[in-house]
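Breakdown of the fold
Residues per chain are reported as follows:
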Amino acid sequence: LGSDGTVGANKNSIKIIGDNTDNFAQGYFVYDSKKSGGITVSHLRFGKEPIRAPFLVDNADFIAVHNQAYIGRYDVLGGIKEGGIFLLNSLWDNSDVWNHLPCDLQQAIIDKKVKVYNINANKVAEEVGLGHRINVVMQAAFFIISGVLPKDQAIKFIKTAIEKSYGRKGKEIVEQNWKAVDQTEKNLAQISIPSSSNPACKPQKLVADSVPGFMSEVAAVIMRDKGDTLPVSKIP
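Predicted model, so just to flag it, every value in this text is computed and none were measured. (Residues numbered from 1 in each chain as written. Predicted model: local features only at pLDDT ≥ 70, side-chain atom pairs only at ≥ 80, totals over all residues. Heavy atoms only, no water.)

Bringing the overall build of the protein into the picture now. Each helix and strand counted, the protein has eight helices and six strands in total. Going from the N terminus to the C terminus, the protein shows its helices and strands as α-β-β-β-β-α-α-β-α-α-α-α-β-α. Projected onto its principal axes, the C-alpha positions of the protein cover 55 × 40 × 35 Å. Of all 236 residues assigned to the protein, the portion counted as buried reaches 40%. Carbon and sulfur atoms form 52% of the exposed surface of the protein, whose accessible area is close to 13200 Å². Between the averaged position of the 28 positive side-chain charges in the protein and that of its 25 negative side-chain charges there is a distance of 4 Å. (Helix = DSSP H or I, 4+ residues; strand = E, 2+ residues; numbered from the N terminus. Buried < 20%, exposed > 50% of the residue type's maximum accessible area, 1.4 Å probe, protein only. Areas by Shrake-Rupley, 256 points an atom, 1.4 Å probe, with all protein chains shown as cover. Lys, Arg positive; Asp, Glu negative; His and termini not counted. Charge placed at Lys NZ, Arg CZ, Asp CG, Glu CD.)

In structure tokens, the structure reads:
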């Protein structure tokens, strides 16, 4: 979600990985034209081979959704690898997260054996005084789950990056962010995945079946952020 601080945290994550492991690393960010409150997708890539150009990640090991409102509207797990990891920031209780996921998302998780983690990052951020800025909570969750670096080492690097990023804003802001990092692990939970999707779940529709062809065949596709898939023949 544009303006929640995620881009800055992801830039720090790439620096941490690039500077403290033998991986090559890259961050590439796709913004909505309305940045604040719009959609931002952060594509982070790292590995043993040099990365010679900016690429969108379309075959991901790890996908995080920082705003639960995107669930059901966008294809959030498109391209995730089998056995990949899905991290969700949501207000839903850990015992009830599964029941809030639409059928196609449940089935994708089951079919690809995706590991699902849930955290209420908004609650953590608010409790330490950060308001809606959930970036360091989600950053810490990424490092804790992914194991790219040993957890204690990663947290130390995150806190150093926080001090560099926010030090000029005062000690209180830095300490609030440090507290958010420290609170992350105990608020993070892996969700148990059943063997089949919930028969009561329903696909989420953005437009009614009765609307004219343009709305269902063009506008609804664009609303789901799939406009690039439209053939020219569909455009009036």
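Anyway, onward from the coordinates.
For the pair helix H1 (residues 6–20) and helix H5 (residues 135–146), the least separation of the axes is 8 Å and the interaxial angle reads 35°. Relative to H5, the crossing made by H1 is right-handed. In contact with Thr6, Ala9, Asn12, Ser13, Ile16 and Ile17 of H1, H5 contributes Asn135, Gln139, Phe142 and Phe143. Taken together, the residues of the contact of H1 with H5 break down into five nonpolar, five polar and no charged. (Axes fitted to C-alpha atoms, helices over the stretch in contact; angles between N-to-C directions. Left-handed = near helix turned anticlockwise from the far one by under 90°. Contact = heavy atoms within 4.5 Å. Nonpolar A, V, L, I, M, F, W, Y, C, P; charged D, E, K, R; others polar.)

What follows covers unusual backbone geometry. At Ser3, a position not held by glycine, the phi torsion is positive, near 90°. Using a relative accessible area of 40% as the deciding quantity, one classes Ser3 as partly exposed. One non-glycine residue, Lys113, lies in positive phi territory at about 55°. With relative accessibility at 57%, the residue Lys113 sits in the exposed group.

In this structure, Leu87, Phe143 and Leu188 are the most contacted members of the largest nonpolar core, which totals 33 residues. Contributions of two or more residues to this core are made by H1, strand S4 (80–89), strand S5 (115–119), helix H4 (121–127), H5, helix H6 (151–166) and helix H7 (171–187). If near-sequence neighbours (up to four positions away) are discounted, Phe143 is found in contact with Ser13, Ile16, Ile17, Leu149, Ala154 and Ile158. By size, the runner-up hydrophobic cluster in this structure holds 21 residues, among which are Val76, Leu77, Phe86 and Trp92. (Core = buried A, V, L, I, M, F, W, Y, C linked by side-chain atoms within 4.5 Å.)

So, about helix H3 (residues 103–111). The α-helix advances 3.6 residues per turn, and as a result positions three or four apart in sequence lie on the same side. Residues of H3 that are buried include every one of Leu105, Gln106, Ile109 and Ile110, and no others. For H3, the angular spread of buried residues about the axis comes to 135°, placing them on one side. Close packing links the buried residues of H3 with S4, helix H2 (97–100) and S5. Just past H3, the residue Lys113 takes up positive phi, approximately 55°. (Arc of directions from axis to C-beta.)

Here we take up the pattern of salt bridges. Two side chains with opposite charge may pair up if their charged atoms get near one another. This structure, assessed with the given rule, holds nine salt bridges. Two residues, Lys226 and Asp75, come together in a salt bridge whose shortest N-O distance is 3.4 Å. In this pair, Lys226 is assigned in the segment after helix H8 (213–223) and Asp75 in the loop between strand S3 (60–65) and S4, connecting sequence segments 151 residues apart. Judged by its relative accessible area of 47%, Asp75 falls in the partly exposed class. Between Glu82 and Lys113 there is a salt bridge; the shortest N-O distance is 3.7 Å. Taken as a pair, Glu82 in strand S4 and Lys113 in the loop between H3 and S5 lie far apart in primary sequence, 31 residues in all. (Salt bridge = Lys/Arg side-chain N within 4 Å of Asp/Glu carboxyl O.)

Looking now at the sheet that holds strand S6 (residues 189–191). Strand order across the open sheet formed by four strands is S3-S4-S5-S6, with mixed pairing between neighbours. Each edge of the sheet is formed by a strand with only one pairing partner; in this case those strands are S3 and S6. On average, adjacent strands in this sheet sit at an angle of 25° to one another, irrespective of strand direction. (Pairing = 2+ DSSP bridges.)

So, on to the side chain of Asn177. Its location among the elements puts Asn177 in helix H7. Using a relative accessible area of 3% as the deciding quantity, one classes Asn177 as buried.

Judged by side-chain charge, Lys11, Lys15, Lys35 and Lys164 come together as a positively charged surface patch. Residue placement: Lys15 occurs in helix H1. (Patch = residues over 30% accessible without salt bridge, like charges linked within 9 Å, V, L, I, M, F, W, Y side chains within 5 Å.)

The next thing to look at is the layout of surface pockets. The space that makes up the largest pocket amounts to roughly 1800 Å³. Lining of the largest pocket is provided by 50 residues; of these, Val41, Ser42, His43, Val57 and Ile63 occupy positions nearest its centre. Of all elements in the fold, only H1, strand S1 (24–31), strand S2 (40–47), S3, S4 and H5 reach the threshold of two or more residues within the lining of the largest pocket. If one sorts the elements of the lining of the largest pocket by residue count, S2 sits on top with eight residues. In the lining of the largest pocket, the residues fall into 24 nonpolar, 16 polar and 10 charged. (1 Å grid on protein atoms, 1.4 Å probe; cavity = no way out; pocket = protein on both sides within 12 Å on 5 of 7 lines; lining within 4 Å. Points joined across faces, edges and corners; volume = space filled by probe spheres on them.)

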